[in-house]
Amino acid sequence: MFVSDFRKEFYEVVQSQRVLLFVASDVDALCACKILQALFQCDHVQYTLVPVSGWQELETAFLEHKEQFRYFVLINCGANVDLLDILQPDEEAVFFVCDTHRPVNVVNVYNDTQIKLLIKQDDDLEVPAYEDIFRDEEEDEEHSGNESDEGSEPSEKRTRLEEEIAERTLKRRQRREWEARRRDILFDYEQYEYHGTSAAMVMFDLAWLMSKDLSDMLWWAIVGLTDQWVQDKITQVKYVTDVGVLQRHVSRHGHRHEDEEHALSVDCARISFEYDLRLALYQHWSLHDSLCNTCYTAARFKLWSLHGQKRLQEFLADVGLPLKQVKQKFQSMDVSLKENLREMIEESANKFGMKDMRVQTFSVHFGFKHKFLASDVVFATMSLMESPEDGSGTDSFTQALDSLSRGNLDKLYRGLELAKQQLRATQQIIASCLCTNLVVSQGPFLYCSLTEGTPDMVLFSKPASLSLLSRHLLKSFVCSTKNRRCKLLPLVMAAPLSVEQGTVTMVGIPPETDSSDRKNFFGRAFEKAAEGTNSRALHNHFDLSAGPSQDPSLP
């Protein structure tokens, strides 16, 4: 059931209860969790936080804790499956689900007692009508043997029996037609996977409704939205619309703090709307490294080729930037060069066919020294969460969650270094795949299989980083190929998960087109492929388009 009043139907219900939070392992979920944690701490709500990276962990954690809690909050997990069927909870259990995954499972939508969906209904949900999906059980058949026909004439009995048979036949045909129509409706509704409004923005709206929205909460909402944009989960139109919503909140917060004494203190957080360069981590890196390792510029310059490297040199010459300046840290560049750098780069980028070199985004100043763009924080937090260095998934989750607090800037800076390492590895793998022709056409889709010996493969063993690598590879392939048909094909990427068990992780990426609606059909396609080939496929990830397969030679 969709919750219409988040404050009354959700927050005031759990405010006096012990709550269990299940939080998925993605940056948007972490930001939503930070906002909810801040609200709970403000009102002294008791809660337990459990990170979950897939359905198996969710089931295990629920079985472990279900006796101790009645109220459960799920962030970025649970909306797109029949939750009650998976978890088999007691009738008293109530689940509040704040999830961006679409489509929302119809059983969750029409369950009025145990499933409460914290989802914006102004999203384009297109949920089928109740009567098209569910039908009350009817006694379609009546046994004539239960009736007393002793006093009836044989001809009357025969007539009544013929009428009953005709009626039963009609009901059965109507039932079959309804079931066929139901299958078609559900197929149309469930065949594509896509994403709705950021969970962090939904939680920030709740804080705003209760007049408890702080600058930190607004920043987390911004990072949550930026995570969706960085990972291509939403369309450009949706991103720009949501940026406009958050920009109004930024203006409101700016006016609210103008006259306060701490507005320029060492501990303040000042958020600004920016029209900044589409270059990853460039303010914490050298401009040259950022240009070489940002997917947008690397793909359009084709930096895996000598011709692409030459075009990059021509671009820098056109901008008027000496190589000595470009290759040192951005913070150390001459102030005179940095003054109009954004405008100069945008002007030259237009000449080189890069029309979207600048994007609408936000930045934050912590005190006087530390400045971060929202995308910087997304890359840093994602790298911390998927880092193979931190041991268990819970440790990585905790590190990533802590890095979002302004009191833990050392962890955020560590995340930035890990992000640089991952971006470099991404471009090296893309160059290797394109130069050795590993991306091949398999008829209706493109296919690329990474081998165990691939350098830095351990950095892409988790679904979010592998999905990002796959998206960047597809963008680069589209820029490099001359085959028009291949430019319109989706990509399936396979990466080794466990050599001992012979498992690989499969990721499906929809076609790379300007008009793409970011809807992904690979979740259902993988299920059908597994059924058709009798492969052992474990769909453990909350994103249905990513999941391990037992057979490395699936295509």
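In this numbering scheme, every chain counts its residues from 1 along its sequence in written order. In keeping with the predicted nature of the model, local features appear solely for residues at pLDDT of at least 70, side-chain atom pairs appear and are counted solely at 80 or more, and the whole-chain, interface and lining totals rest on all residues. The basis for the side-chain values is all heavy atoms of the structure; hydrogens and waters are excluded.

The protein chain appears in an unreviewed UniProt entry as Cell division control protein 45 homolog isoform X3 from Odocoileus virginianus. UniProt positions are given in the numbering used here, feature names are shortened, and annotations may be inferred rather than shown by experiment. We quote the UniProt Subcellular location (unreviewed entry) comment for the protein chain here in full: "Nucleus". The UniProt entry for the protein chain carries the following text under Sequence similarities (unreviewed entry): "Belongs to the CDC45 family."

So, on to the sheet that holds strand β1 (residues 19–24). Spatially, 5 strands are ordered β2-β1-β3-β4-β6 in an open sheet, and the strand pairing comes out parallel. A strand with exactly one partner marks an edge of an open sheet, and here the two such strands are β2 (47–52) and β6 (115–117). Averaged over all pairs of adjacent strands, the angle between strand axes in this sheet comes to 20°, irrespective of strand direction. Here a strand pair is declared whenever DSSP counts at least two bridges between the two strands. Segments assigned H or I by DSSP are reported as helices when at least four residues long, segments assigned E as strands when at least two residues long, and all are numbered from the N terminus. Structural elements are reduced to axes, namely lines fitted to C-alpha atoms, with helices fitted over the stretch in contact, and the angle between N-to-C directions of any two is expressed from 0 to 180 degrees.

Two elements in contact, helix α1 (residues 6–14) and helix α8 (residues 199–209), have axes whose closest approach is 11 Å; the angle formed by their N-to-C orientations is 95°. On the basis of their axis angle, the class for α1 and α8 is roughly perpendicular. When α1 is examined against α8, the residues F6, R7, F10 and Y11 are found in contact with a partner set consisting of V202, L206 and L209. Three classes are used: nonpolar for Ala, Val, Leu, Ile, Met, Phe, Trp, Tyr, Cys and Pro, charged for Asp, Glu, Lys and Arg, and polar for all others, with Gly counted as polar. For the contact of α1 with α8, the class distribution of residues is 6 nonpolar, no polar and 1 charged. Roughly parallel means an angle under 35 degrees; roughly antiparallel, over 145; roughly perpendicular, 65 to 115; everything else is oblique. In what follows, residue pairs with any heavy atoms lying within 4.5 Å of each other are defined as contacts.

The subject of this paragraph is the environment of L337. Its place among the elements puts L337 in helix α15 (residues 335–339). What makes L337 buried here is its relative accessible area of 16%. Sequence separation between L337 and P322 is 15 residues, and the spatial gap between their C-alpha atoms is 9.8 Å. Throughout this description, buried means an accessible area under 20% of the type-specific maximum (1.4 Å probe, protein chains only), exposed means over 50%, and partly exposed covers the range between.

A few words now on the pattern of salt bridges. Whenever a carboxyl oxygen of Asp or Glu lies within 4 Å of a side-chain nitrogen of Lys or Arg, that contact is scored as a salt bridge. Summed over the entire model, instances satisfying the criterion amount to 18 salt bridges. With a closest N to O distance of 3.7 Å, E167 and K171 form a salt bridge. Linking E167 with K171, this pair stays in helix α7 (residues 154–190), spanning 4 residues, or about one helical turn. Note that D276 and R342 form a salt bridge whose closest N and O atoms lie 3.2 Å from each other. Taken together, the residues span a long stretch of sequence, with D276 in strand β8 (residues 269–277) and R342 in helix α16 (residues 341–351) at a distance of 66 residues. Overall, the relative accessible area of 0% leaves D276 in the buried class. Here the salt bridges do not stand alone but share partners, grouping D232, K475 and E512 into one network.

Turning our attention to the packing of aromatic side chains. Side-chain rings of Phe, Tyr and Trp, where Trp is taken by its six-membered ring, are said to pair if the distance between their centres is within 6.5 Å; with planes under 30 degrees apart they count as stacked, over 60 as edge-to-face, and otherwise as tilted. Under the definition given, this model contains 21 aromatic pairs. Taken together, the ring pairs in this structure connect F10, Y11, F40, Y47, Y71 and F96 into an aromatic cluster. A ring is considered to have a charge above it if a Lys NZ or an Arg CZ atom is located within 6 Å of its centre and within 35 degrees of its normal. Positioned above the aromatic ring of Y296, the side-chain terminus of R278 is 4.3 Å from the ring centre. One Lys or Arg, K338, reaches over the ring of F330 and ends 5.1 Å from the middle of that ring.

Take the side chain of R471 next. Note that R471 resides in helix α20 (residues 463–480). Among buried charged residues, R471 stands out as having no salt bridge; its nearest opposite-charge side chain is D232, 4.8 Å away. A distance of 3.1 Å separates a polar side-chain atom of R471 from the backbone oxygen of Q231. Beyond its immediate sequence surroundings of up to four residues, R471 is in contact with Q231, D232, I509 and P510. Charge counting treats Lys and Arg as positive and Asp and Glu as negative, with His and both chain ends excluded. Here a polar contact is recorded for every N or O atom pair within 3.5 Å, except that within protein the pair must consist of a potential hydrogen donor and a potential acceptor, and residues adjacent in sequence are included only if both atoms are side-chain atoms.

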